[in-house]
Amino acid sequence: MYESTYDGIRFIEGKPNVSRVIGPVRVELGGLVSSSQLMNLDDVKRTMAVRVKDRGGNAVINFTYGQKSVGFLKSLFLRDDVNWFGEGQIALIP
């Protein structure tokens with residue numbers, strides 16, 4: 001189980017034995033206004049960390065991330081043809 005920390009929030013690619021799930025979290029970065037080409041995983045974690053703190057959590061468990069295609073039609077109108085995403089579950093870990 002890989003774990004990293006960003007801005008005081010633990011990002012865990014798996015589910016620890018001791019955790020209380022608060023709810024899901026999902027972010028997608030990129031689109032009409034911003035260019036995902038200049039973004040990276042830190043941008044995903046920064047955005048997610050704000051949401052986790054707002055909900056009273058201190059971790060994201062079952063964390064997955066990556067880039068995904070927006071599809072051909074959307075790529076005609078957007079700045080990039082891929083967006084960064086991150087998802088998981090907001091949790092409180094003692």
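Up top is the structure.
Residues numbered from 1 in each chain as written. Predicted model: local features only at pLDDT ≥ 70, side-chain atom pairs only at ≥ 80, totals over all residues. Heavy atoms only, no water.

### Some points on the nonpolar core
Going by this rule: Joining through side-chain atoms within 4.5 Å is the link that ties buried Ala, Val, Leu, Ile, Met, Phe, Trp, Tyr and Cys residues into a set, and such a set is a nonpolar core. Think of it in three bands: residues with accessible area under 20% of the maximum for their type are buried, residues over 50% are exposed, and the middle band is partly exposed, with areas taken using a 1.4 Å probe on protein chains only. Counting from the N terminus, the helices are the DSSP runs of H or I reaching at least four residues and the strands are the DSSP runs of E reaching at least two. The contact criterion used is simple: two residues touch if any of their non-hydrogen atoms lie within 4.5 Å.
Ranked by internal contacts, the top residues of the largest apolar core, which has 16 residues, are Ile9, Phe11, Val44, Met48, Val60, Phe63 and Trp84. In terms of residues, this core owes the most to one element, helix 1 (residues 41-54), which gives five residues. Once residues within four sequence positions are removed from consideration, valine 44 is found in contact with Val27, Leu29, Trp84, Phe85 and Gly86. The next biggest cluster of nonpolar side chains, apart from the first, holds five residues, and it includes Ile12, Ala59, Ala91 and Ile93.

### What about the packing of aromatic side chains?
What describes a pair of aromatic rings is the distance from one ring centre to the other and the angle between the planes of the rings. Put simply, the rule is: Two rings belonging to Phe, Tyr or Trp (six-membered ring only in the last case) form a pair when the distance between their centres is within 6.5 Å. Interplanar angles under 30 degrees mark stacking, angles over 60 mark edge-to-face geometry, and anything in between is tilted. A ring is scored as having a charge over it whenever the NZ atom of a lysine or the CZ atom of an arginine sits within 6 Å of its centre and within 35 degrees of its normal.
Applying the stated criterion across every chain yields a total of two aromatic pairs. The interplanar angle of 25° and the centroid separation of 5.3 Å between the aromatic rings of phenylalanine 63 and tyrosine 65 together place this pair among those described as stacked. Of the residues examined, phenylalanine 63 reaches a relative accessible area of 4% and is grouped as buried. Residue tyrosine 65 is classed as partly exposed on the basis of its relative accessible area, which comes to 37%. The aromatic ring of phenylalanine 11 is capped on one face by lysine 45, whose charged end is 5.5 Å from the ring centroid.

### Things to note about the side chain of lysine 45
Heads up, the rule is: Charge convention: Lys and Arg are scored as positive, Asp and Glu as negative, and His as well as the terminal groups of each chain are ignored. Basic side-chain nitrogens of Lys or Arg form a salt bridge, by our definition, when they fall within 4 Å of a carboxyl oxygen of Asp or Glu.
Among the structural elements, lysine 45 can be located in helix 1. One buried charged residue, lysine 45, remains without a salt bridge, the closest side chain of opposite sign being aspartate 42 at 5.5 Å. Beyond its immediate stretch of four places on either side in the chain, lysine 45 contacts Ser4, Tyr6, Phe11 and Phe63.

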